[in-house]
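Reading the structure
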Amino acid sequence: MRPNFHHYNTEMILILSQNGLEPTTNEVIDWLDYFNANYIRINGDDILQNARYSIGMENMIIRLEGVDIHIDEINAVWFRRWTSTNFSEYLDFEGDSRLKQGINEYLKTEYQGASRAFFSLLQNKFWLTDVRKSRMEKYNVLKLASSCGLYVPDTLICNNKDAIKNFSALHNGKIITKPISEVTLFPIDNSSFVPYTTQIEVGEINYERFHPLQIQEAIEKQYEIRAFFILGNIYSMAIFSQDDEKTKQDFRCYNTEFPNRHVPYKLPREIEQNITSLMGLIGLNCGSIDLIKATDDRYIFLEINPVGQFGMTSHPCNYNLEKEVAELLIHEDKR
Amino acid sequence: MLKTKEIVFKLYANCIPVRGAKRSVVCDLQRGDYYLIPNILFEILTDYKESTVDYLADIYGSQHKIDIQAYFDTLQSEGYGFYTDSPENFPDIDMKWQKSSLITNAIVDFNGGIFHNMKDIISQLDEFNCKALQLRFYNLISLNKLSNLLTHLKDSRLTSVSLVLRHDNNQTKDDYIDLKNQHQRITDILIHSCETSSLIFKKDELAVEGIAVIKRTITDHEHCGAISPKYFRINLPMFSESQKHNTCLHRKISIDSKGDIRNCPSMPESFGNIRDTKLREAIRQKSFKKYWDITKDKITVCSDCEFRHICTDCRAYGREENDIYSKPLKCGYDPYSLQWDRKKPNTIKPR
């Protein structure tokens, strides 16, 4: 990090991010430098390692790489991400593994508490993605999306085979399962398991009762849409992950040899308005929205990722979103 | 105003047709390849964009309906386009080129004699947020010395470094691979003057390591400027930059083996020596950017070439010695006869 800091300036952008694998943060910072903006970047890991801080009731002092951060100077906060620390290995010592796990869980909770106190002192600043709104309850978001006029997949959370059987019958046996909450990676040896969206055959279920599970109707898609929402502007991209319905019969096998096409997309105005009201309802001013264009031409809302990598939309469509984010932060910082 | 939904053919927005004198090409900016098409199809895809086959049959005559349909079906099966009843949802890609780097790429040449202070040069390049650097060594440099020099990259904003090295008979292929592994920013190494078989890479090994070996000796900057399909760069940053800028010299800076600061080492104009001139002072001189906006559309012959937005340019070696708009000397392609001249690029002399 190269702190760009002037003592007598009262304009300062605070970037909250994470260490490593953060190309998007770096690209936005390149633009902030290009415009000679003042910014400071704190990674979640700094709170554990590099920074010295004291957070009082009214103020705080954070010293990072020899630079003091004064909260009064900060006008705009960009919440990108926060930490990449794996707490299960954070504190290692000889002894009972349950004790170790318990202590690490506790340390993690304490760290999160400290982070929230830090965020709380910043709550009156302009936030691009308010950290307090950044944890999504996916089920809730589906209900809100539906109330905003968006189609959502019929969804069931259950723990028994009978419920799945009934739900499956409603949807001609075409159902999928995906995580109720965030997708977690399970590392094993040199790779990892990912609980991904999977088709379900009722006949293959061997148990009557099980751990909570989310079931959705399977939706046949023409293509997927990734929409990046930022302060009322929407930049969309179509992903041809499935060939066009009209050509699927002939060219399906052939086309799997090629990477999916990623091209700019313009959502109908009505869908954009629905998305805008949904974001307003949740209190998010920025985020990536996943949709499907179904074979029956409906737009189906799937989920919102408040801190998604927008580079994957920005680069193929030449949207220059990194520049737009930088300009917006500078604008809000100077207000 | 309700109109019935008609099915039309559309190229994917990252498959862009470019017209040449005798034929056209679809540049696939996502997959990085190109596909030749006749000019009549270019016309159908651009002048009559998003028209139904029936409408096109009215324009070109109903006897051609089958051919037009076959054109579209082929483009679709090759994966360049699709049929849709809602073309209005699929806008073109905005071709505005924007980069946060005042200089995007730099070349530094070494030829014995002066050994540049790379620590200083790299910190000056960081001021521009320069991302790519090429270091070219015409004389021997020990890998140790080179490795020391590359440690200055560690905290820099450069993301990729390309090396041109003279082969040292004391080095094995593992030495070169180690060098590349030690310095993550190295994207590719070209080893020249390699007469011996001591450096045999298996073909697939080459591709994995990004290392190429040639017998020919590269003695100075005059080796540069060759134009060939193998140097085509078919991607969105290149294609969009080429719309308004020169595809070699735009936002480039170089330091030649004597320390002279130039747009490119092969260009005649010098803007001071790195001994006493800062790079930022050099680029501030008005004529430093003289060639930056010479697009292929302004260059003789190139303006009629279907490859003009995927090919790198060269303003250092031209067909006509005193014409800055003349075709690159080392390009053997004639877009009027569609022939490639097989002569070795470096044997071609200007008129």
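As shown above, the structure is provided for reference.
Conventions we followed
Residues numbered from 1 in each chain as written. Chains lettered and ligands numbered in written order. Predicted model: local features only at pLDDT ≥ 70, side-chain atom pairs only at ≥ 80, totals over all residues. Heavy atoms only, no water. Helix = DSSP H or I, 4+ residues; strand = E, 2+ residues; numbered from the N terminus. Phe/Tyr/Trp six-rings, centres within 6.5 Å; stacked < 30°, edge-to-face > 60°. Lys NZ or Arg CZ within 6 Å of the ring centre and 35° of its normal. Contact = heavy atoms within 4.5 Å. Buried area = accessible area lost by both parts, 1.4 Å probe. Salt bridge = Lys/Arg side-chain N within 4 Å of Asp/Glu carboxyl O. Polar contact = N/O pair within 3.5 Å; in protein donor to acceptor, adjacent residues only side chain to side chain. Core = buried A, V, L, I, M, F, W, Y, C linked by side-chain atoms within 4.5 Å. Buried < 20%, exposed > 50% of the residue type's maximum accessible area, 1.4 Å probe, protein only.

**Considering the environment of valine 325 of chain A**
Topologically, valine 325 of chain A is positioned in helix α9 (residues 321–334). Residues valine 325 of chain A and isoleucine 55 of chain A, spaced 270 residues apart in sequence, show a C-alpha to C-alpha distance of 29 Å.

**What to know about the packing of aromatic side chains**
Going through the model one piece at a time under the given rule, you end up with 33 aromatic pairs over all chains. An aromatic cluster is present here, built from Tyr223, Phe240 and Tyr265 of chain A together with Tyr12, Phe82 and Phe90 of chain B joined pairwise through their rings. Cation over ring: arginine 31 of chain B sits above tyrosine 80 of chain B, and NZ or CZ is 5.3 Å from the ring centre.

**Let's talk about the interface of chain A and chain B**
Contacts between chain A and chain B engage 34 residues on the former and 35 residues on the latter. Of the roughly 2,700 Å² buried at the junction of chain A and chain B (both faces included), carbon and sulfur atoms supply 49%. Put simply, chain A and chain B have four salt bridges between them. Across the chain A-chain B interface, the total number found is 14 residue pairs in polar contact (both at pLDDT 80 or more). Put simply, the parts of the chain that give the side of chain A that touches chain B at least two residues each are α1 (23–34), α6 (245–255), β16 (262–265) and α8 (311–317) of chain A. Considering every element that reaches the side of chain A that touches chain B, the biggest residue donor is α6 of chain A, with five residues.

**Some remarks on the nonpolar core**
Judged by nonpolar contacts, the single largest core of 65 residues is most densely connected at Leu267, Ile275, Ile289, Leu291, Phe301 and Ile304 of chain A together with Phe72 of chain B. Residue contributions to this core peak at five residues, all from helix α7 (residues 269–282) of chain A. Those residues within four positions of leucine 267 of chain A in sequence are excluded, and the remaining contacts are Ile225, Ala227, Ile234, Ser236, Glu272, Ile275, Leu291 and Tyr299 of chain A. If you look at the next biggest cluster of nonpolar residues, it comprises 47 residues, including Val108, Ile177, Ile186 and Ile255 of chain B.

**Remarks on the pattern of salt bridges**
Under the definition given, this model contains 31 salt bridges over all chains. Residue glutamate 22 of chain A pairs with arginine 81 of chain A through a salt bridge whose shortest N-O separation is 4.0 Å. Pair noted here: glutamate 22 of chain A is in the loop between β1 (12–17) and α1 and arginine 81 of chain A is in the loop between β6 (74–79) and α3 (97–121), with a separation of 59 residues, a long-range link. Of the charged contacts, one joins aspartate 130 of chain A and arginine 132 of chain A as a salt bridge, the two residues approaching to 3.0 Å between their closest N and O atoms. In the salt-bridge network here, residues are joined through shared partners; they are Asp30 and Asp33 of chain A together with Lys131 and Arg157 of chain B.

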